[in-house]
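Architecture and fold: a report
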Amino acid sequence: MTPETRSTPRSNTQRALDELRDLIFSGDLPAGSDHLEVELAQRLGMSRTPIREAMLTLEAQGLVEVRPRKGFRILSLSAEDMEEIYQILTELESLAAERAAARGLSEADLAILAQAIADMDDALSSEDRIAWAKADDRFHAELVRLGGNARVAAIVGMYNDQVRRARATTLYMRPLPHQSNADHRAVYAAILDGDQETARKTHAKHRTNASRLLTELLQRPGMKHL
């Protein structure tokens, strides 16, 4: 088997994973809906094998349930689910902020973090919520990377998928996130100053406030489950 042959199934699986995640987050595959391998394979124009492999990954990420001989079910997401997820994210991301502050990082080291904050400010100035959400994702991913713990990054990455899914539904229901941007700047400043306690506490407060807002939105009538 050539290297090219070996790489093809992997690239097809990644493409299936990316496209299925997009369909779930956009609501084209709504929560509670059931789907068969053959249906999704036809929809994405590929064989059933990469669909099956992608769905196993999505099951591990808490997005779908694999049902033997019955296909796949897109899992619902409740306000209670989000509260539990945010408890995990708050602890792990705050730890990452503390570890990043302990590393003596320079402005050059924090360039990606700074750019994400600048992009969020630009997005808010034009009230572009989608651009803001993308920049916010980059900020949190970079913050965790700067913490230097690969296992923390893996866990946070998995649960952030759930946050993106809920946020996509509530993005236009919330006020413009000016306070969130201010929180990000405060975390950045604490990391640059090497202030571990402030970095951790500031980020913990930021995530706690975000959790409260999102769960309140999900508890509105008609929003119990996504």
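This is a predicted model, so every value here is computed, not measured.

1. A few points about the overall build of the chain
- Within the chain, the regular secondary structure consists of 9 helices and 3 strands.
- Ordering the α and β elements of the chain from the N terminus gives α-β-α-α-β-β-α-α-α-α-α-α.
- Against the 2.2 N^0.38 benchmark of 17 Å for 226 residues, the chain shows a C-alpha radius of gyration of 19 Å, consistent with a compact globule.
- Expressed as lengths along the three principal axes of its C-alpha atoms, the size of the chain is roughly 55 × 50 × 30 Å.
- Taken across its 226 residues, the chain has 42% of its residues classed as buried.
- Considering only contacts in the chain between residues 6 or more positions apart, those separated by 24 or more positions represent 77%.
- Surface summary for the chain: the accessible area is close to 11700 Å², and the carbon and sulfur share equals 51%.

2. Notes on the pairing of strand β2 (residues 64-67)
- Bridge analysis of β2 against strand β3 (residues 71-74) gives 4 bridges, and the strand direction is antiparallel. Considered in β3, the bridge of glutamate 65 is made with arginine 73.
- Hairpin remark: β2 followed by β3, antiparallel, with 3 residues in the connecting loop; positive phi at arginine 69, about 65°.

3. Regarding the side chain of aspartate 136
- With respect to the helices and strands, aspartate 136 occurs in helix α6 (residues 129-147).
- In contact with aspartate 136, other than residues within four places in its own chain, are Met120, Arg167, Ser180 and His184.

4. Some remarks on the domain arrangement of the chain
- Along its sequence, the chain is organised into domain 1 (12-74) and domain 2 (79-218).
- Tallying the contact residues gives 9 residues for domain 1 and 6 residues for domain 2.
- Carbon and sulfur atoms make up 50% of the area that domain 1 and domain 2 hide from each other, which totals about 640 Å².
- Where domain 1 touches domain 2, the interface holds 0 salt bridges.
- Counting the contacts that link domain 1 with domain 2 gives 0 residue pairs in polar contact (both at pLDDT 80 or more).
- When residues in the side of domain 1 that touches domain 2 are grouped by element, the largest group, 3 residues, is from helix α1 (residues 3-26).
- Counted by class, the side of domain 1 that touches domain 2 contains 6 nonpolar, 2 polar and 1 charged residues.

5. Looking at the nonpolar core
- Counting 23 residues, the largest nonpolar core has Leu110, Leu113, Trp132, Phe139, Leu143 and Ile191 as the members making the most contacts within it.
- Elements with a minimum of two residues in this core: α4 (79-101), α5 (111-125), α6 and α8 (178-193).
- Contact partners of leucine 113, with chain neighbours within four places excluded, come to Phe139, Glu142, Leu143, Leu146, Tyr188 and Ile191.

6. With respect to the sheet that holds β3
- Across the sheet, which stays open at both edges, the 3 strands sit in the order β1-β3-β2 with antiparallel pairing between neighbours. In the strand order of this sheet, the two ends are held by β1 (34-35) and β2, each with one partner.
- Contacting β2 and β3, helix α3 (residues 48-60) runs over the sheet at an angle of about 125° to β2.

7. Observations regarding unusual backbone geometry
- With phi around 65°, arginine 69 is a residue other than glycine that occupies positive phi space.
- Assignment of secondary structure puts arginine 69 in the loop between β2 and β3.
- Classification of arginine 69 by relative accessible area gives exposed; the value is 84%.
- Phi is positive for glutamate 127, close to 55°, though the residue is something other than glycine.
- Here glutamate 127 is to be found in the loop between α5 and α6.
- Residue classification places glutamate 127 among the exposed residues on the basis of a relative accessible area of 55%.

Quick notes on the rules
- Residues numbered from 1 in each chain as written.
- Predicted model: local features only at pLDDT ≥ 70, side-chain atom pairs only at ≥ 80, totals over all residues.
- Heavy atoms only, no water.
- Helix = DSSP H or I, 4+ residues; strand = E, 2+ residues; numbered from the N terminus.
- Rg over C-alpha atoms; globule rule 2.2 N^0.38 Å.
- Buried < 20%, exposed > 50% of the residue type's maximum accessible area, 1.4 Å probe, protein only.
- Contact = heavy atoms within 4.5 Å.
- Areas by Shrake-Rupley, 256 points an atom, 1.4 Å probe, with all protein chains shown as cover.
- Pairing = 2+ DSSP bridges.
- Domains from an automatic or database assignment.
- Buried area = accessible area lost by both parts, 1.4 Å probe.
- Salt bridge = Lys/Arg side-chain N within 4 Å of Asp/Glu carboxyl O.
- Polar contact = N/O pair within 3.5 Å; in protein donor to acceptor, adjacent residues only side chain to side chain.
- Nonpolar A, V, L, I, M, F, W, Y, C, P; charged D, E, K, R; others polar.
- Core = buried A, V, L, I, M, F, W, Y, C linked by side-chain atoms within 4.5 Å.
- Axes fitted to C-alpha atoms, helices over the stretch in contact; angles between N-to-C directions.

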